[in-house]
Amino acid sequence: MTAQIIDGKAFAARLRERVGEFAASFAEKAGRKPGLAVVLVGEDPASQVYVRSKGKATIEANMESFEHRLPDDTEEAGLLALVEELNADPAIDGILVQLPLPDHINEQAVIAAIAPDKDVDGFHVINAGRLAVGQRSFVPCTPLGCMMLLTDRLGDLSGLEAVVIGRSNIVGKPMAQLLLDANATVTIAHSRTKNLPDVVRRADIVVAAVGRAEMVQPDWLKEGATVIDVGINRLPPEPGKEKGRLVGDVDFAGAQQRAGAITPVPGGVGPMTIAVLLRNTLVAAHRNAGIDLSEDVV
Ligand code: NDP
């Protein structure tokens, strides 16, 4: 069997286009564009790249982008004061504080300061709690993007066996919650799981969110399984090359021979994350302005 490639890049491009159209019609109704504020503290090069591409994507989706770049030595109190200002600003529908923050700032305190209705990253405990009890919330972008790819591919997930490898608050746990809401039978595996290959072998759906290059081996997979690879890992550079290759948590070449469908790295889950961030911002704008939006259409 040769697996179908789940093209997250193409899916994300379509989602961004749809969000852009809805954002334009929101602007007509509300007299303003949806607004996303992104806060970056410090000079971390990877974070700078993320923030730049989020800003560009926001503008391309007919939204207003508000970027706040603060120096590395910003005090926690200063950052909290900025978050309060953004909470109170009616032009801003979504607030994203780029993580990781410098060590002297308490990340949890900063996330807790974001108004839950503007928490488009879905990291606030109120949103995590709402997701856990099945109430309307903001769902973290990466797992929601994985879920869109899964339902697009498989339709109804009822009764399917799903194994999520990884239990972080931003990927593994919300992913498991979404699968459970979709009536899958869900197992969450982690670093203490015994006989991980056997656990994975029973899965119709495997979501790997570990951060270990090519850990999931082809013979761990049930024939025909749908594999969502969240991992982004850089291999050491080959001789003569400056940078190593990006790979996921799944041995892609081998898994392609066994799985029914699989997301590549890059070009799978990665592009979905920004697209869903824009989607969440669009949803926040409609909720904040009291304008109807059928949230299923985005
Ligand atoms: P974390 O480091 O927070 O969590 C990793 C999880 O993997 C933990 O639950 C850990 O278990 C588990 N784990 C570690 N080693 C093993 C092992 N040997 N066997 C089984 N489970 C193991 O990572 P994140 O959830 O933040 O991210 C996971 C990956 O996804 C990373 O590669 C990250 O770069 C990528 N990522 C990609 C995004 C995208 O846009 N595509 C967005 C976010 C993340 P335990 O809890 O027991 O320690």
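Calculation criteria
Sequence order sets the numbering: in each chain, residues are counted from 1 along the sequence as written. Where totals are concerned, whole chains, interfaces and linings use all residues; where local detail is concerned, this predicted model gives features only for residues with pLDDT of at least 70, and gives and counts side-chain atom pairs only at 80 or more. No hydrogens and no water enter the side-chain calculation; it runs on all heavy atoms of the structure. Think of a nonpolar core as a cluster: buried Ala, Val, Leu, Ile, Met, Phe, Trp, Tyr and Cys residues, connected wherever their side-chain atoms sit within 4.5 Å. Buried residues are those whose accessible area, probed at 1.4 Å on protein chains only, stays under 20% of the maximum for their type, while exposed residues exceed 50% and partly exposed ones sit between those limits. Put simply, DSSP H or I for four residues or longer makes a helix, DSSP E for two residues or longer makes a strand, and each gets a number counted from the N terminus. Only heavy atoms enter the contact rule, under which two residues are in contact if any of them lie within 4.5 Å. Multiplying one less than the number of residues by 1.5 Å gives the expected span of a helix. Each polar contact in these results corresponds to two N or O atoms within 3.5 Å; when the atoms are within protein, one needs to be able to donate a hydrogen and the other to accept it, and residues that are neighboring in sequence are counted only if both atoms are side-chain atoms. Here, strands pair whenever DSSP counts at least two bridges between them. Axes here mean lines fitted to C-alpha atoms, for a helix over just the part in contact, with angles spanning 0 to 180 degrees between N-to-C directions. What makes a residue near a molecule or strand is one non-hydrogen atom of that residue sitting within 4 Å of it. Using a 1.4 Å probe, accessible areas were evaluated by the Shrake-Rupley method; residue-level cover was limited to the displayed protein chains.

**Considerations on the nonpolar core**
1) Next: Membership of the largest hydrophobic core comes to 53 residues, with the highest contact counts inside it found for Val-19, Met-175, Leu-179, Val-207, Ile-228, Val-230 and Met-272.
2) Next: Contributions of two or more residues to this core are made by α1 (8-30), β2 (35-41), α2 (45-60), α6 (141-154), β5 (161-165), α7 (172-181), β7 (205-208) and α10 (270-289).
3) Next: Here the element with the most residues in this core is α10; it accounts for 9 residues.
4) Next: Ignoring any residue separated from it by four or fewer positions in sequence, one finds Val-207 in contact with Val-163, Val-164, Ile-165, Met-175, Leu-179, Ile-228 and Val-230.
5) Next: The next biggest cluster of nonpolar side chains, apart from the first, holds 18 residues, and it includes Ala-3, Ala-189, Val-250 and Ala-259.

**Some remarks on α1**
1) Next: With 23 residues, α1 extends 31 Å from end C-alpha to end C-alpha; this agrees with the ideal 33 Å at 1.5 Å per step.
2) Next: Taken as a whole, α1 has its buried residues at Gly-8, Phe-11, Ala-12, Leu-15, Val-19, Gly-20, Ala-23 and Phe-26.
3) Next: Of the surrounding secondary structure, the elements contacted by the buried residues of α1 are α6 and α10.
4) Next: Backbone nitrogen of Lys-9 and a side-chain oxygen of the N-cap are separated by 3.2 Å at the start of α1; the cap is Asp-7.
5) Next: Positioned one or two residues after α1, Gly-31 has a phi angle of 75°, which is positive.

**Topic: the sheet that holds strand β3 (residues 64-70)**
1) Next: Here we have 3 strands laid out as an open sheet, ordered β3-β2-β4, and parallel in their pairing. The open sheet has two edge strands with one neighbour each: β3 and β4 (94-97). Taken over all neighbouring pairs, the strand axes of this sheet differ in orientation by 15° on average, direction set aside.
2) Next: Across 4 bridges, the pairing between β2 and β4 is parallel. Within the sheet, the bridge partner assigned to Leu-36 lies in β4 and is Gly-94.
3) Next: Where α2 meets the sheet, it contacts β2, β3 and β4, and its direction lies at approximately 160° from that of β3.

**Considering the environment of Leu-86**
1) Next: The topology assignment puts Leu-86 in helix α3 (residues 76-88).
2) Next: Apart from residues no more than four positions distant in its own chain, Leu-86 is found in contact with Ala-37, Val-39, His-68, Ile-92, Ile-95 and Lys-118.

**A few points about the site of the ligand**
1) Next: Taken together, 22 residues form the shell around the ligand, and within it Arg-167, Ser-168, Ser-191, Arg-212 and Thr-273 come nearest.
2) Next: A distance of 2.6 Å is found between an oxygen atom of the ligand and a side-chain nitrogen or oxygen belonging to Ser-191.
3) Next: A distance of 2.8 Å is found between an oxygen atom of the ligand and a side-chain nitrogen or oxygen belonging to Thr-273.
4) Next: In the complex, 70% of the free accessible area of the ligand, which totals 930 Å², lies under the protein chains.

**Structural notes on unusual backbone geometry**
1) Next: The peptide bond linking Leu-99 to Pro-100 adopts the cis configuration, its omega dihedral lying at 0°.
2) Next: Of note, Pro-100 is situated in the loop between β4 and α4 (107-113).
3) Next: In the Ramachandran plot, Asn-62 falls in the positive-phi region, its phi being about 60° despite a non-glycine side chain.
4) Next: A relative accessible area of 32% means that Asn-62 is categorised as partly exposed.
5) Next: Its identity is not glycine, yet Glu-214 carries a phi of approximately 50°, on the positive side.
6) Next: Along the chain, Glu-214 turns up in the loop between β7 and β8 (226-229).
7) Next: By relative accessible area, Glu-214 is classed as partly exposed at 28%.

By themselves, these figures tell us nothing about what the structure is for.
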